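Residue-level structural notes
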Amino acid sequence: MPAQRRCLVTGANRGLGLGFVRHLLARGDAVIATCRHPGRATALNALTDEHPGRLHVVPLDVGDPRSIDALVHELPLVTDGLDLLVNNAGILHAGERFGTVPAGHFDDSLRTNATGPFLVTQALAPHLAPGARVANISSSLGSTGELDAFRTPTYAVSKAAQNMVTALLAKALAAREVVVLALNPGWVRTDMGGGSAEHSIDEAIEALMHVIDTATPADNGRFLDWRGNAVPW
Ligand code: NDP
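For the protein chain, an unreviewed UniProt entry supplies the name SDR family oxidoreductase and the organism Marilutibacter penaei. Among the UniProt annotations of the protein chain, the heading Sequence similarities (unreviewed entry) holds the following wording: "Belongs to the short-chain dehydrogenases/reductases (SDR) family."

**Structural notes on the overall build of the protein chain**
Each helix and strand counted, the protein chain has 6 helices and 7 strands in total. Its helices and strands in sequence order give the protein chain the pattern β-α-β-α-β-α-β-α-β-α-β-α-β, from N to C terminus. Taken over C-alpha atoms, the radius of gyration comes to 17 Å for the protein chain, in line with the 17 Å a tight globule of 233 residues would show. When the backbone C-alpha atoms are referred to their principal axes, the protein chain occupies close to 50 × 40 × 35 Å. For the protein chain, with 233 residues in total, the buried portion stands at 43%.

**With respect to the sheet that holds strand 1 (residues 6-9)**
Taken in spatial order, the 7 strands make up an open sheet running 3-2-1-4-5-6-7, and their pairing is parallel. Only two strands of the sheet have a single neighbouring strand rather than two, namely strand 3 (55-59) and strand 7 (223-225). Pairs of neighbouring strands in the sheet enclose a mean axial angle of 20°, with direction left out of account. Of the strand pairs in this sheet, strand 6 (residues 179-184) and strand 7 are connected by 3 bridges, and their pairing is parallel. Counted as the bridge partner of Ala-182 is Phe-223 from strand 7. Here helix 3 (residues 65-78) sits on the sheet in contact with strand 2 (30-35) and strand 3, set at roughly 155° to strand 3. Relative to the sheet, helix 4 (residues 103-124) contacts strand 4 (82-87) and strand 5 (128-137), its axis offset from that of strand 4 by approximately 165°.

**Quick word on the site of the ligand**
Near the ligand you find 29 residues, and of these Gly-11, Gly-15, Gly-90, Thr-190 and Gly-193 are the closest. If you tally residues by element for the shell around the ligand, the top one is helix 1 (residues 15-26), at 3 residues. The class makeup of the residues in the shell around the ligand is 12 nonpolar, 13 polar and 4 charged.

**Some remarks on helix 1**
In this model helix 1 runs 17 Å from its N-terminal to its C-terminal C-alpha over 12 residues, within 8% of the 16 Å that 1.5 Å per residue would give. Within helix 1, 9 of the 12 residues are buried, which leaves it mostly tucked inside the rest of the structure. The set of residues buried in helix 1 consists of Gly-15, Leu-16, Gly-17, Leu-18, Gly-19, Phe-20, Val-21, His-23 and Leu-24. Each element contacted by the buried residues of helix 1 is listed here: strand 1, strand 2, helix 2 (42-50), strand 4, strand 5 and helix 6 (201-214). Looking one or two residues beyond helix 1, the residue adopting positive phi is Gly-28, at roughly 95°.

**Remarks on the confidence of the model for the protein chain**
With 100% of its residues at a pLDDT of 70 or more, the protein chain shows a mean pLDDT of 97. For this predicted complex, the interface confidence reaches an ipTM of 0.99, while the overall pTM sits at 0.98.

**Some words on helix 5 (residues 153-173)**
The terminal C-alpha atoms of helix 5, which comprises 21 residues, lie 30 Å apart, in line with the 30 Å expected from a rise of 1.5 Å per residue. For helix 5, the complete set of buried residues consists of Thr-154, Tyr-155, Ala-156, Ser-158, Lys-159, Gln-162, Asn-163, Val-165, Thr-166, Leu-169, Ala-170 and Leu-173. Looking at the buried positions of helix 5, the neighbouring elements they touch are helix 4, strand 5, strand 6 and strand 7.

Parameters at a glance
Residues numbered from 1 in each chain as written. Predicted model: local features only at pLDDT ≥ 70, side-chain atom pairs only at ≥ 80, totals over all residues. UniProt positions renumbered as here; feature names shortened; annotations may be inferred. Helix = DSSP H or I, 4+ residues; strand = E, 2+ residues; numbered from the N terminus. Rg over C-alpha atoms; globule rule 2.2 N^0.38 Å. Buried ≥ 20, exposed ≤ 12 C-beta atoms within 10 Å, placed from the backbone. Pairing = 2+ DSSP bridges. Axes fitted to C-alpha atoms, helices over the stretch in contact; angles between N-to-C directions. Contact = placed C-beta atoms within 7 Å. Near = placed C-beta within 6 Å. Nonpolar A, V, L, I, M, F, W, Y, C, P; charged D, E, K, R; others polar. Expected span 1.5 Å × (residues − 1). pLDDT = per-residue confidence, 0-100.

This is the structure:
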């Protein structure tokens, strides 16, 4: 891994995504922060002024294949490769109850949380440097092995599907020495996690980056939590 890594983060305008961007900039990396609406990404645009030339804010809706194509065309203008891809963008439909779960929630959740990371990684694969890391932000709610209640079904199904995406990408990219991880960040105080969650964004990012940095080729395709412990599939 080079001293200054070239990184791309999806869903980077708030929450954990913005946390990754702040952390990576603070350690001197070059960052492409992608989000649906760069014009409204106030925090990211302020960071661009603080880190001229090292942060590029680029539009990407991970659920829209045309948006992914546009990113692929723009990428060579802002970087000559990638050492870290963080598939962070995600959605959760809160308040779903058995008996009334709408079909559309499955469509949205799968498109953003599972298909999105697959298509983004597939499209960016030619730009991934040997030894690059791909971090797919998963959830314990996507683990059938940790299932303890009927909860957030469309999110849970989409994260379980994302875990298969991680396993498949790990196989597809192994020959290029790319390490693909499914990471459970724990319960974090963001818009999605809510104000009573266990960890601050900074704590979660510090821990996740340690797991990403210390991963070896033997970890390719594994599902790990923020402490580096294996999560059951
Ligand atoms: P937030 O709801 O705070 O942020 C979600 C981010 O994803 C926003 O930037 C949002 O952009 C973006 N996003 C949603 N849909 C798309 C899309 N189609 N294209 C591009 N960006 C999109 O969530 P968190 O920061 O908490 O979550 C980040 C990741 O961590 C998610 O994958 C989530 O599932 C996972 N996670 C979070 C946990 C927690 O406790 N917080 C626990 C376990 C996993 P916009 O502003 O445009 O909506």
